[in-house]
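Inside the fold
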Amino acid sequence: MNARIRILLIEDNKNTCSYISALLDKNGYTTTTALTGREGLSLAASLCPNLILLDLGLPDMDGFQVLEQLRGWSHVPILIVSACNEEQEKVAALDLGADDYIVKPFDLDELAARIAAHLRREQRRISPSNLRFFG
Ligand code: CA
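The present account deals with the structure reproduced in this document. Since this is a predicted model, take the numbers as computed values, not measurements.

**Some remarks on helix H3 (residues 63-71)**
Because an α-helix completes one turn every 3.6 residues, residues spaced three or four positions apart along the sequence face the same direction. Buried within H3 are the following residues: Gly 63, Phe 64, Val 66, Leu 67 and Leu 70. Seen along its axis, H3 keeps its buried residues to an arc of 160 degrees; they face one direction. Contact partners of the buried residues in H3: strand S1 (6-10), helix H2 (37-47), strand S3 (51-54), strand S4 (78-82) and helix H4 (87-95). With a side-chain oxygen positioned 3.0 Å from the backbone nitrogen of Phe 64, the residue opening H3 is Asp 62.

Here it is, written out as structure tokens:
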């Protein structure tokens, strides 16, 4: 059932990409990876993912710009995954429309649980009649 859930991972670090992808695969999601901000923006438009994981430190664009552009046209849940643990960065990302902010290094189970929580919330938003199934 999760196979129909598409997750876009925008992250330039190949090691991080491969371990997050492995986690998402294990949970049955269909994952696509973008290594740059531009690639991420174009895949977000063409794939219409159910959720986006976004790294703030990208080679071609500031992650905040990517976030701002995505929020210009999309309500998709966006979870920031960043090495920066500064309160200012977290507040700025949340103010720009991020739904969550996860600091690297993170616990894989926690990341999986947060992704599932955001997907459930999005599901409740899309089909309020399903509320009884999701509590
Ligand atoms: Ca990075």
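**Brief notes about the pairing of strand S2 (residues 30-34)**
Here five bridges tie S1 to S2, and the two strands are oriented parallel to one another. Counted as the bridge partner of Leu 8 is Thr 32 from S2. Of the crossover connections in this fold, the one passing from S1 over helix H1 (residues 14-26) to the parallel S2 is right-handed.

**Regarding the environment of Ile 10**
Here Ile 10 is to be found in strand S1. Sequence separation between Ile 10 and Asp 60 is 50 residues; the distance between their C-alpha atoms is 12 Å.

**A look at the environment of His 118**
With respect to the helices and strands, His 118 occurs in helix H5 (residues 108-126). Linking His 118 and Asp 99, residues 19 residues apart in sequence, is a C-alpha distance of 8.1 Å. For His 118, the residues in contact, after removing those within four places along its chain, are Leu 51, Pro 77, Leu 79, Asp 99 and Asp 100.

**Things to note about the pattern of salt bridges**
Per the counting criterion, the structure on display carries eight salt bridges. In this structure, Arg 38 and Asp 60 form a salt bridge, with 3.8 Å as the shortest nitrogen-oxygen distance. Here Asp 60 lies in the loop between S3 and H3 and Arg 38 lies in helix H2, a separation of 22 residues in the sequence. Across the salt bridge formed by Arg 121 and Asp 99, the nearest N and O atoms sit 3.5 Å from each other. Pair noted here: Arg 121 is in helix H5 and Asp 99 is in the loop between H4 and strand S5 (100-103), with a separation of 22 residues, a long-range link. Accessibility expressed as a relative area gives 45% for Arg 121, which makes it partly exposed.

**Quick notes on the side chain of Asp 100**
Positionally, Asp 100 belongs in strand S5. Classification of Asp 100 as buried rests on a relative accessible area of 12%. In this structure, Asp 100 is in contact with Ile 78, Leu 79, Ile 80, Leu 94, Arg 114 and His 118, ignoring residues within four places of it in sequence.

Reading the values: rules and limits
- Residues take numbers from 1 onward in each chain, read along the sequence in its written order.
- Local features in this predicted model are restricted to residues whose pLDDT is 70 or higher, and side-chain atom pairs enter the listing and the counts only when it is 80 or higher, whereas totals over whole chains, interfaces and linings include all residues.
- As a convention, hydrogens and water are excluded, and side-chain values are obtained from all of the structure's heavy atoms.
- Residue burial is assigned from relative accessible area. The probe radius is 1.4 Å, only protein chains are included, and a residue is buried under 20% of its type maximum, exposed over 50%, and partly exposed in between.
- Counting from the N terminus, the helices are DSSP H or I runs at least four residues long and the strands are E runs at least two residues long.
- Think of it as the arc spanned by the lines of direction from the helix axis to the C-beta atoms.
- Residue contacts are defined here by distance: any two heavy atoms, one from each residue, within 4.5 Å place the two residues in contact.
- Polar contact is the term for a pair of N or O atoms within 3.5 Å; when the atoms are in protein, one must be able to donate a hydrogen and the other to accept it, and sequence-neighboring residues count only if both atoms are side-chain atoms.
- Pairing between strands is defined by DSSP: at least two bridges between them are needed.
- When the strands point away from the viewer and the connection leading from the first strand across the helix to the second strand turns clockwise, the crossover is called right-handed.
- We define a salt bridge as a side-chain nitrogen of Lys or Arg found within 4 Å of a carboxyl oxygen belonging to Asp or Glu.

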